[in-house]
Structure formats: structure tokens, C-alpha cells
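# Structural description and commentary
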Amino acid sequence: MVRNIVMFSGSSHPELTETICTHLGIPRSNIHLSKFSVGETRVEIGDSVREKEVFIVQSGGGKVNDHLMELLITISACKTASARRVTAVLPLFPYSRQTDLPYNKLGAPLARQPTSMADGVTKYTFESRPGTPAPGGQESQGLGRNGSQRLHKRLNGLSIGHKAANGEASASRPSQPKRIDTLDNTQSDVSAPSSAANSYFEEANPAVTSVTGPTSQPPADFKPQRGYKQWVAQAGTLVADLLTCAGADHIITMDLHDPQYQGFFDIPVDNLYGRHLLRKYIQHQIMPRHGGPDGCVVVSPDAGGAKRATNIADSLGMDFALIHKERRPTAVHDRQNATMLLVGDVKNRTAILVDDLADTSNTITRAAKLLKKEGAHTVFALVTHGVFSGDAVERINASCLDKVVVTNSVPQNEHVEQCSKLEVLEVGNVFAEAIRRVHHGESISVLFQYD
Ligand SMILES: O=P(O)(O)OC[C@H]1O[C@H](OP(=O)(O)OP(=O)(O)O)[C@H](O)[C@@H]1O
């Protein structure tokens, strides 16, 4: 039994919190979570946390945004109530797939042509607005008559040997320098005096004129260029900042989709490995019944998971194969249009797909189809986080997958009822041990080692 720990559960996964508490030999602390009728989250802490070490268990999946808000409010409430240290335990870390741009995009909002209020569409122009004034040229709209005259006077008074002083300049100048960076027709006039001064010095200095002068003509028509990226919010950084700002001192999670996400935090992040459990399952449940290491091959369904799968394959002396998955979306929300290509030999063997998460299950079901087509007689999918959104479970039922093994990092009770192919591994003991070690200041690297 550990002392001075307060263990709260968010509403995402109370069963897992209960298991963790059982392993630690402590009761679950009281917290009242509710919602105002408008939908705002309300958190009421029922036990004292003063100078205590607080752990809050909240997993991703399900109503992920509500759960995240609930976690942030709970962390903040504990800090305000004088908790010594607050650790957020996130078995599945929300938003951790959004650390980078998920797709290649074409087109760019910035490349759109501006529209005018009058006729709907205005031809794009690279001309400065208002036009760049120059000594001896037409009077700038922005400066006004008196301002322009004053500027001309001051410029003419400068002791640079300039042709404009004797009145020949305006006639001999080929054309007025043009700026190419103006997008807004309503641009402020404030820049006009400096533009005027610039054009004066460009005229005086031919080297400058050669950059912005008549030789740099803009293209006739503005066309959006291919290769721009649309702006997609990279919410991973924001979520990391939100947790830290709310008051989290420490994060414990499992199988981050991108392990480099740890670097987004300036507080400690312990990323536990689910592969330890998956490897044990392969060793004790699959290998003995499927021809040992020679009868099986570990397969990563995409390049992102290759390291995870090769680690397991190497530790068990098994072969490894890789599916090259290329998503070719036609729209931002299209995550299903992927092509797959197998690299490796699975013929007459049991293929064991290993991945970090299954969301729509498209990846594992399509991979299974490919593996069977390439000669695998049995296909297992071993996945750390079984999110199974939407009709993912139906998709698995209809697929040629023989078995799907997941951990209970997110709740699985409903999924198990709907899918006979599903088997669930317990992670409560792993998190309990990590919490115990964090609490006592012990190393948790032992949890990452294989037997
Ligand atoms: O069940 P699904 O909806 O198919 O999603 C699951 C897949 O999505 C993730 O990879 P992702 O597609 O983000 O690619 P990456 O591993 O290259 O980042 C994850 O690693 C799975 O492979």
C-alpha cells in the first residue's frame, strides 16, 4: 500500500482507475463530475489534496474533447487546492496524432484572389495602393497636397547630386518603381512618405533601381501555385501547453503515436510501452500454436510503426515484413483512400500485424486482406489502443482478420460484446507499477525491459 496518494478518475475510464487502485491498495478518491445544462464541465473535488501527490486518470477516445476539458479543470482545481504534485495519467494520449501535418495538401488560402465589394471579383494587381509617390511625379493620394509638397521640398534639399534637382529627372525616368507586395486595397497611407523617400534613393542609386525598378515586372495574371500547404492546426503543441498551463507536473502515457511528442513538453513525460504486453502475447499465445518463430512473421501496417514491429520481431527471433501505406486523400477528412504494398514474405505463415492504434480499423482490415492475398493463412492484429470509432467493430467482424488483440487503455467492454474476434489485455497493473515507482522516486525503465 502506498501513502499520501490521491487518485482521481475522469469520466473516460473509471474501470481502469479502479484496477490501478486495487493494485496499489488505495481507495479511489472522491470527485464529482457533472455538466451545466449549457454543456460546460463542472468539477468538484471531494477529498483534501493539500500537500498530497495527486494522480488523475483520463484516457483519450470516446468524447475526447469533453474528457480533455474535464482533465484540465481537475488538474487546475488540484493545484489551486495546494496539491504538492499533480500527475496526469493518460493511457491513450489525446491529439497525439496531430503533432505534424497529416496530409500533403495542394492549394493555399493565401493564394486566393481578393474579391471586391462592388462587383464580386476584382482583377488582382501588384500595384501599390496608393501609388508610390516620387519627386516630380504625380501627387500621392495619401500624402495630400501639402504633405507631398513638404516632402518634395525636403527631398530636394538633400545634398545628393540628383538630376531631379534641375528638373530633367521626371522626363527622363523610364517608369515609376513598383512594389509587388501589396494585397490590400485599403492599405494605410502611413507608408507613403517612406516609399517616396525610397523611390528617391532608388533613382539616385542605379543598383537599387535594378532590383525594384522596371526590370522586375510582375506576371500578367496571378495564378495560385501548386505546392503550397493549406494551414492545418497542429493541435499537439496546444494540448501539451494546455496541460502544463493547467498545472500538470508530470505525464504518464503509453505508446505515444509519435514518441517525439515528448519533446513538446517541458515537464517529465513517461511513455510506457504496450509492446511489452503484445510481445508476451505473441510468445505465449501465438508462437506455440503457429509453428514457432519460423511459422510466424511480424508485420507493420505502415512505415510509422516499423520500429515498434522490428523490436518485437528481433526480440523473438522472427521475420519482419512491412506494408507501405500511402494515404492519398481527396479531401481533408478522407482517411480511407490509402494504397498498400507488402514488402516481405508471408506465404503459408501466420502474419501478426502490430500497430499503436486502431481508430476506424481501415488500416488493419485492409492490411489483413492484403496479407491473405499474399498467402498468409492466419492474420492476427495486435494493437495497443483499440479506439474503434464509428463502425470499426463491424468492419473487423466483416474482415478476414482472425483475431484482434488490444489493451484496455480505452474502455473495451462494449466492443467485446459486439466482436467475438476481440481479446483484451489488462494494462491497469502496468500503470499501477509506474505510479508506484513515480511516487517513490524509483526508476521505471524496468517496465520497458523484456523478460
Ligand atoms: O484505424 P485507422 O483509422 O486506419 O487508423 C490507424 C492508423 O492510423 C495511425 O497511423 P497514421 O495513419 O496516422 O499514419 P502514420 O503512422 O504514418 O503517422 C496508426 O498508427 C494506425 O496505423
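Residues numbered from 1 in each chain as written. Predicted model: local features only at pLDDT ≥ 70, side-chain atom pairs only at ≥ 80, totals over all residues. Heavy atoms only, no water.

A few words on the overall build of the chain. A count of helical and extended segments in the chain gives 14 helices and 14 strands. Considering the chain as a whole, with its 451 residues, one finds that 44% of them fall into the buried category. Working note: accessible area of the chain is about 23300 Å², and carbon and sulfur atoms make up 50% of it. (Helix = DSSP H or I, 4+ residues; strand = E, 2+ residues; numbered from the N terminus. Buried < 20%, exposed > 50% of the residue type's maximum accessible area, 1.4 Å probe, protein only. Areas by Shrake-Rupley, 256 points an atom, 1.4 Å probe, with all protein chains shown as cover.)

As a further point, take the sheet that holds strand 5 (residues 85-90). If you trace the five strands from one edge of the open sheet to the other, you get 1-4-5-6-7, paired in parallel fashion. Strands with a single pairing partner mark the edges of an open sheet, and in this sheet they are strand 1 (5-9) and strand 7 (269-272). When strand polarity is set aside, the average angle formed by the axes of neighbouring strands in this sheet is 15 degrees. Judged from the four bridges that link them, strand 6 (residues 250-254) and strand 7 form a sheet pairing that is parallel. Bridged to Ile252 within strand 7 is Asp270. (Pairing = 2+ DSSP bridges. Axes fitted to C-alpha atoms, helices over the stretch in contact; angles between N-to-C directions.)

The computed volume of the second largest pocket comes to approximately 350 Å³. Residue lining of the second largest pocket: 17 residues in total, with Gly62, Val387, Pro411, Glu414 and His415 positioned closest to the centre. Of all the elements, helix 13 (residues 413-418) adds the most residues to the lining of the second largest pocket, at three residues. Grouping the constituent residues of the lining of the second largest pocket by class yields four nonpolar, eleven polar and two charged. (1 Å grid on protein atoms, 1.4 Å probe; cavity = no way out; pocket = protein on both sides within 12 Å on 5 of 7 lines; lining within 4 Å. Points joined across faces, edges and corners; volume = space filled by probe spheres on them. Nonpolar A, V, L, I, M, F, W, Y, C, P; charged D, E, K, R; others polar.)

Looking now at the domain arrangement of the chain. Segmenting the chain into domains produces domain 1 (5-98 + 234-271) and domain 2 (274-425). Listed per partner, the contact involves 14 residues of domain 1 and 16 residues of domain 2. With both chains or domains summed, domain 1 and domain 2 bury close to 1200 Å², and 51% of this area falls on carbon and sulfur atoms. If you sort the residues of domain 1 by the area they bury against domain 2, Leu92, Arg97 and Asp255 come out on top, with a joint share of 46%. Our count for the contact surface shared by domain 1 and domain 2 stands at one salt bridge. (Domains from an automatic or database assignment. Contact = heavy atoms within 4.5 Å. Buried area = accessible area lost by both parts, 1.4 Å probe. Salt bridge = Lys/Arg side-chain N within 4 Å of Asp/Glu carboxyl O.)

This part covers the packing of aromatic side chains. What describes a pair of aromatic rings is the distance from one ring centre to the other and the angle between the planes of the rings. Under the definition given, this model contains four aromatic pairs. Taking 5.2 Å as the distance between ring centres and 85 degrees as the angle between the ring planes, the aromatic pair formed by Phe93 and Tyr261 counts as edge-to-face. With Phe93 in the loop between strand 5 and helix 3 (144-156) and Tyr261 in the loop between strand 6 and strand 7, this residue pair connects regions lying 168 residues apart in the sequence. Ring plane angle 80 degrees and centroid distance 5.8 Å describe the contact between Phe93 and Phe265, whose orientation is recorded as edge-to-face. (Phe/Tyr/Trp six-rings, centres within 6.5 Å; stacked < 30°, edge-to-face > 60°.)

Two numbers describe how helix 2 (residues 64-80) lies on helix 7 (residues 235-246): the axes approach to 8 Å, and their chain directions differ by 25 degrees. Judged on the interaxial angle alone, helix 7 and helix 2 are roughly parallel. On the side of helix 2, the interface is formed by Leu68, Leu71, Leu72, Ile75, Ser76 and Lys79, while helix 7 contributes Val239, Leu242, Leu243 and Ala246. For the contact of helix 2 with helix 7, a count of residues per class yields eight nonpolar, one polar and one charged. (Parallel < 35°, antiparallel > 145°, perpendicular 65-115°, else oblique.)

Our focus in this paragraph is the pattern of salt bridges. In the structure shown here, the tally under the stated rule is 15 salt bridges. The salt bridge involving Glu433 is made with Arg436; its shortest N-O contact spans 3.1 Å. Of this pair, Glu433 and Arg436 are both found in helix 14 (residues 428-439), three residues apart, which corresponds to roughly one turn of the helix. Classification of Arg436 by relative accessible area gives partly exposed; the value is 23%. The structure contains a network of salt bridges with shared partners spanning Glu433, Arg436, Arg437 and Glu442.

Position of His385 relative to the elements: it lies in strand 12 (residues 378-386). His385 sits in the buried class, given a relative accessible area of 1%. Put simply, His385 and Gly344 are 41 residues apart on the chain and 26 Å apart in space, counted from C-alpha to C-alpha. Discounting residues that sit within four places of it in the chain, His385 has contacts with Pro91, Leu92, Met254, Asp255, Asp356, Leu357, Ala358 and Ser409. Reaching out from His385, the side chain makes a polar contact with the backbone oxygen of Met254 at a distance of 3.0 Å. (Polar contact = N/O pair within 3.5 Å; in protein donor to acceptor, adjacent residues only side chain to side chain.)

Before going further, it helps to spend a moment on helix 2. A rise of 1.5 Å per residue sets the reference length of helix 2, with its 17 residues, at 24 Å; its end C-alpha atoms lie 24 Å apart and thus fit the reference within 8%. On its buried face, helix 2 sits against strand 1, strand 2 (31-35), strand 3 (41-45), strand 4 (53-57), strand 5 and helix 7. Of the residues flanking the end of helix 2, it is Ser82, one or two places downstream, whose phi is positive at about 70 degrees. (Expected span 1.5 Å × (residues − 1).)

The element strand 8 (residues 296-300) is largely enclosed, with a buried count of five among its five residues. What you see with strand 8 is no split at all: Cys296, Val298 and Ser300 on one side and Val297 and Val299 on the other are buried throughout. Alignment of strand 8 against strand 11 (residues 350-358), held across four bridges, turns out to be parallel. From the neighbouring strand, Val298 faces strand 11, where its bridge partner is Ile352.

Let's shift gears to the packing of helix 8 (residues 275-286) against helix 10 (residues 306-316). Contact pair helix 8 / helix 10: the axes reach a minimum separation of 10 Å and the direction vectors enclose 45 degrees. By the angle between their axes, helix 8 is oblique relative to helix 10. The element helix 8 and its partner helix 10 pack so that their crossing is right-handed. Contacts between helix 8 and helix 10 involve Arg275, Leu278, Arg279, Ile282 and Gln283 on the former and, on the latter, Arg308, Asn311, Ile312, Ser315 and Leu316. (Left-handed = near helix turned anticlockwise from the far one by under 90°.)

Glancing now at helix 7. An ideal rise of 1.5 Å per residue puts 16 Å on twelve residues; helix 7 measures up with 16 Å between its terminal C-alpha atoms. Taken from the residues just after helix 7, Gly247 is the one with a positive phi, measuring 125 degrees.

Here we come to unusual backbone geometry. The phi angle at Ser82 is positive, at roughly 70 degrees, despite the residue not being glycine. The topology assignment puts Ser82 in the loop between helix 2 and strand 5. Phi at Phe388 takes a positive value of approximately 50 degrees, unusual for a residue other than glycine. Take Phe388: it is sitting in the loop between strand 12 and helix 12 (392-398).

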